[in-house]
Amino acid sequence: MHIPERRRILHIDASARSGLSGRDRHGSHTRRLSRRFVDRWSALRPRDQVAYRDVGALSPAPVSGDWIAAAFSPPDCRTAAQRDVLAESDRLTAELVAADLIVIGAPMYNFGVPAPLKAWIDNVVRVGVTFGFDRARSGEPYWPMLPAGKRLVILTSRGDYGYDAGQRLAAMNLVEAGLRVPLAYLGLHNADTVAIEYDEFADDRLAASIAAAETGVDRLVDALAGLG
């Protein structure tokens, strides 16, 4: 596997909890995993650039009627007000386009992603920017516009257990589908997941799951950094 001399990492946290589990009271498991991932990555590849966005603390604005009208207007026909409406989306999409590796701490809230993370998704799925659309195009009218070679890492936590493919709650795991599907639609097809389970049980099974997830994060970093 060829590893570029320098890579750009986009680190996104989406938990409503501000601290890290194991360090702070009521801290976040996903923030714990994403911090571990990025810290280990930076230790191995200190020249790489890391951009950080905490949507759990500062949510992107949800898509509105004005946003839709602006996004579907030709760029050279947009009013100043429409450009202002899209300014945040422009920043978010620019970060996504620039990143080689997107690391998302995404806890499971009611089987899906937190609302601020859904708002981020809605802001980066942009016609003419991250995907193309032409109703007159032969065959499929949509096509991805993200540069090739990007990779997605989903670091998640779940209150129950058995959400992986083929397990008892797999159909209810809307976190991975909620990230993999829209981002693949933009061209980001390569994805890995590490999960903590048993959070609601708060017993030895949770402790074992945390330890296994941390080991999984370390192995994934080593592999993606070209050391595994």
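Here the structure is shown first, and the text comes after it.
About the thresholds
- Residues numbered from 1 in each chain as written.
- Predicted model: local features only at pLDDT ≥ 70, side-chain atom pairs only at ≥ 80, totals over all residues.
- Heavy atoms only, no water.
- Pairing = 2+ DSSP bridges.
- Helix = DSSP H or I, 4+ residues; strand = E, 2+ residues; numbered from the N terminus.
- Axes fitted to C-alpha atoms, helices over the stretch in contact; angles between N-to-C directions.
- Contact = heavy atoms within 4.5 Å.
- Buried < 20%, exposed > 50% of the residue type's maximum accessible area, 1.4 Å probe, protein only.
- 1 Å grid on protein atoms, 1.4 Å probe; cavity = no way out; pocket = protein on both sides within 12 Å on 5 of 7 lines; lining within 4 Å.
- Points joined across faces, edges and corners; volume = space filled by probe spheres on them.
- Nonpolar A, V, L, I, M, F, W, Y, C, P; charged D, E, K, R; others polar.
- Polar contact = N/O pair within 3.5 Å; in protein donor to acceptor, adjacent residues only side chain to side chain.

(A) Fine view of the pairing of strand 2 (residues 49-54). Here strand 1 (residues 8-13) pairs with strand 2 via six bridges, running parallel. Note on strand 2: the bridge partner recorded for His11 is Tyr52.

(B) Structural view of the sheet that holds strand 6 (residues 151-157). Read from one edge to the other, the open sheet built from five strands follows the order 2-1-3-6-7, with strand pairing classed as parallel. Unpaired on one side and paired on the other, strand 2 and strand 7 (190-196) mark the two borders of the sheet. Strand-to-strand twist of the sheet, defined as the mean angle between neighbouring strand axes without regard to direction, takes the value 15 degrees. The strands that helix 4 (residues 87-98) touches are strand 1, strand 2 and strand 3 (101-105); relative to strand 1, the one it contacts most, it runs at about 130 degrees.

(C) Representation of the environment of Thr93 within the structure. On the secondary structure map, Thr93 appears in helix 4. Residues Thr93 and Arg83, 10 residues apart in the sequence, show an inter-C-alpha distance of 14 Å. Sequence-distant contacts of Thr93, defined by excluding residues within four places in its chain, comprise Asn123, Val124, Arg126, Val129 and Thr130.

(D) Region of interest: helix 5 (residues 115-124). Across the 10 residues of helix 5, seven count as buried, placing the element largely inside the fold. Restricting attention to buried positions, one finds in helix 5 the residues Pro116, Leu117, Ala119, Trp120, Ile121, Asn123 and Val124. Packing partners of the buried residues in helix 5 comprise strand 1, helix 2 (65-71), helix 4, strand 3 and helix 6 (174-185).

(E) Broad picture of the layout of surface pockets. The computed volume of the largest pocket comes to approximately 320 Å³. Contributing to the lining of the largest pocket are 18 residues, with Met108, Tyr109, Ser157, Gly159 and Asp199 lying nearest its centre. Its residues assigned to classes, the lining of the largest pocket shows five nonpolar, eight polar and five charged.

(F) Just unusual backbone geometry, in detail. Even without being a glycine, His26 presents a positive backbone phi close to 60 degrees. With respect to the helices and strands, the residue His26 is situated in the loop between strand 1 and helix 1 (29-44). Within the chain, Ala202 stands out as a residue other than glycine whose phi angle is a positive 50 degrees. With respect to the element layout, Ala202 can be found in the loop between strand 7 and helix 7 (204-224).

(G) Region of interest: the side chain of Asp48. Here Asp48 is to be found in the loop between helix 1 and strand 2. Note on Asp48: relative accessible area 10%, which makes it buried. Within polar-contact distance, the side chain of Asp48 engages the side chain of Arg45 at 2.6 Å. Discounting residues that sit within four places of it in the chain, Asp48 has contacts with Glu5, Arg6, Arg7 and Trp41.

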